[in-house]
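Chain and residue survey
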Amino acid sequence: MADNGKIALVTGGARGIGLEICRELLAAGMTVVVADIQEKLFDQTRQALGKADLDCRKLDVTDSVAFTALVDAVVEQYGRLDVLVNNAGITRDGLLLRMDDGDWDLVLRVNLYSAFYGTRAASKHMVRQKSGSIINMASYSGIEGNRGQANYSASKAGMIGLTKTTAKELAGKNIRCNAVAPGFIATEMTAVLPQQAKDIALSLIPLKTMGQPQDVARAVRFLACDDSAYITGQVLSVDGGMHT
Ligand code: NAD
């Protein structure tokens, strides 16, 4: 089927990279459902996208039962699910020696466990449809590691393993699964970093500038659309040349 009319679910779509992903998928002609824990952002999200009737649903992606129920409800309402973007993510940075169990668990649950819950729930329907595209939000930190991000980099490396296995298991059903690995992108997640950390990050980027959410969103759009029909199991870096 053409991309026009596809049904897409974007987690963490209320702001930042997720919001720009919604914008790109809407521009591709898809119907987009946003799933995000921050219900209070939804009016702002709809306004930013100029779409008053955007379907926004409250979801804590760490809740396996709720995530599965939401995916089933979307399929019940729209008849199918063509694209799942596992984008919701958080950081709880700290050096390994001082990282407590709570920060380790939370980051793994929000960033990685959630993608498993969503992928399992969505692929059940995609198998029946014999088509689908799943995109997981990884990170440069998951490829290279990053001081102060033991939990985050482990979650994102796990995301890459999940992506490759999903791709291999589901390719026979015409379901593709790819990851995008952003580098240092200007969002609220990175805005809170101390200036020194920002300077260090900038000095590592060959293209000498932070990425914009739209840079990542365009890569997601490519992987969501039929233009990438023969691409699965890949990790597409969007990082200004940091990882080569
Ligand atoms: P952000 O904090 O601006 O947005 C994250 C969104 O996820 C928010 O809307 C938030 O409400 C939602 N969210 C958080 N926890 C949730 C939960 N439990 N359930 C549902 N929704 C939840 O961050 P961002 O920079 O837009 O990051 C988006 C993704 O990109 C994340 O997976 C992040 O790890 C990844 N990433 C970002 C960067 C960067 O430099 N900004 C770099 C690499 C990867």
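Everything below is about the structure shown above.
Read on for a plain summary of the structure. (Residues numbered from 1 in each chain as written. Predicted model: local features only at pLDDT ≥ 70, side-chain atom pairs only at ≥ 80, totals over all residues. Heavy atoms only, no water.)

**Details of the nonpolar core**
To keep things clear, this is the line we draw: What we call a nonpolar core is a set of buried Ala, Val, Leu, Ile, Met, Phe, Trp, Tyr and Cys residues that are connected through their side-chain atoms within 4.5 Å. Note on exposure labels: buried denotes an accessible area under 20% of the residue type's maximum, exposed denotes more than 50%, and partly exposed covers the range between, all computed with a 1.4 Å probe on protein chains only. Contacts are assigned to residue pairs with any non-hydrogen atoms lying within 4.5 Å of each other.
Among the nonpolar cores identified, the biggest contains 32 residues, and Ile21, Leu25 and Val180 are the most heavily contacted of them. In contact with leucine 25, not counting residues within four places along its chain, are Ala8, Val10, Met30, Val32, Val83, Val85, Arg221 and Ala224. Residues Val33, Leu84, Val107 and Cys177 belong to the second largest nonpolar core, which totals 27 residues.

**Looking at helix H2 (residues 42–49)**
Applicable threshold: Secondary structure elements follow DSSP: runs of H or I of four or more residues count as helices, runs of E of two or more count as strands, with numbering from the N terminus. This arc is built from the directions going out from the helix axis to the C-beta atoms.
The set of residues buried in H2 consists of Phe42, Thr45 and Leu49. The buried residues of H2 all sit within an arc of 55° when viewed along its axis, so they share a single face. What points out from H2, more than 90 degrees from its buried face, is the exposed set Asp43, Gln44 and Gln47. Turning to H2, the residues buried within the fold contact helix H1 (16–27), strand S2 (31–36) and strand S3 (55–58). Where H2 terminates, the next one or two residues include glycine 50, which has phi positive at roughly 60°.

**Re helix H3 (residues 64–78)**
Convention followed: A helix is expected to reach a length of 1.5 Å times the quantity of its residues less one. For the purposes of these results, a polar contact is taken to be a pair of N or O atoms within 3.5 Å, where, inside protein, one atom must be able to donate a hydrogen and its partner to accept one; residues adjacent in sequence count only when each atom of the pair is a side-chain atom.
With 15 residues, H3 extends 21 Å from end C-alpha to end C-alpha; this agrees with the ideal 21 Å at 1.5 Å per step. Every buried residue belonging to H3 is among Phe67, Leu70, Val71, Val74 and Val75, and all of these are buried. In an axial view of H3, the angular spread of the buried residues amounts to 130°, which keeps them on one side of the axis. Looking at H3, the residues exposed on the side facing more than 90 degrees away from the buried face are Val65, Glu76 and Gln77. Between a side-chain oxygen at the N-terminus of H3 and the backbone nitrogen of valine 65 the separation is 3.2 Å; the capping residue is aspartate 63. Two residues or fewer after H3 comes glycine 79, characterised by a positive phi angle close to 90°.

**Looking at the packing of H1 against H2**
How we decide: Axis definition: a line fitted to C-alpha atoms, over the contacting stretch in the case of helices. Angles run 0 to 180 degrees between N-to-C directions. Small angles under 35 degrees read as roughly parallel and large ones over 145 as roughly antiparallel, with 65 to 115 read as roughly perpendicular and the rest as oblique. Crossing handedness: left-handed means the near helix sits turned counterclockwise from the far one by under a right angle, and right-handed means the same turn made clockwise.
In the contact formed by H1 and H2, the axes pass within 10 Å of each other and the chain directions differ by 45°. It follows that H1 is oblique to H2 by the angle criterion. You can see that H1 and H2 cross each other, and the crossing is right-handed. Counting all contacts with H1, which are made through Leu19, Cys22, Arg23 and Leu26, the residues of H2 involved are Thr45, Ala48 and Leu49.

**Examining the sheet that holds strand S7 (residues 235–238)**
Formally: At least two bridges found by DSSP between two strands are what make those strands a pair.
With respect to topology, seven strands assemble into an open sheet ordered S3-S2-S1-S4-S5-S6-S7, the strand pairing being parallel. The sheet is open, and its two edges are formed by S3 and S7, each paired on a single side. Sheet twist, expressed as the average angle between the axes of neighbouring strands with direction ignored, equals 20°. Across three bridges, the pairing between strand S1 (residues 7–11) and strand S4 (residues 83–86) is parallel. Looking at S4, one finds that leucine 9 is bridged to leucine 84. Sitting on the sheet, helix H9 (residues 213–224) is in contact with S4, strand S5 (132–137), strand S6 (175–182) and S7, with an inclination near 165° to S6.

**As for the site of the ligand**
Note the threshold: Working definition: residue near molecule or strand if any one of its non-hydrogen atoms lies within 4 Å of it. Here the accessible surface of atoms and residues is derived via Shrake-Rupley with a 1.4 Å probe, and residues count as covered only by protein chains that are part of the display. Side-chain classes are defined by residue name, with Ala, Val, Leu, Ile, Met, Phe, Trp, Tyr, Cys and Pro counting as nonpolar, Asp, Glu, Lys and Arg as charged, and the others, Gly among them, as polar.
For the ligand, the set of nearby residues contains 27 residues, the closest of which are Arg15, Asp36, Asn87, Tyr152 and Thr187. Between the ligand and the protein, one listed contact pairs an oxygen atom with a side-chain N or O atom of aspartate 36 at 2.6 Å. In the model, an oxygen atom of the ligand is placed 3.0 Å from a nitrogen or oxygen of the glutamine 38 side chain. Protein burial of the ligand: of its 830 Å² of free accessible surface, 96% is covered by the chains. Sorting the residues of the shell around the ligand by element identifies H1, helix H6 (150–170) and helix H7 (188–191) as the ones contributing at least two each. Taken together, the residues of the shell around the ligand sort by class into 14 nonpolar, nine polar and four charged.

**Thoughts on unusual backbone geometry**
Residues other than glycine seldom take positive phi values, yet lysine 130 does so here, at roughly 60°. Among the secondary structure elements, lysine 130 is positioned in the loop between helix H4 (101–129) and S5. With relative accessibility at 55%, the residue lysine 130 sits in the exposed group. With a phi angle near 65°, lysine 208 is a residue other than glycine that sits in the positive phi range. Mapped onto the elements of the fold, lysine 208 is located in the loop between helix H8 (195–203) and H9. Judged by relative accessible area, which is 58%, lysine 208 ranks as exposed.

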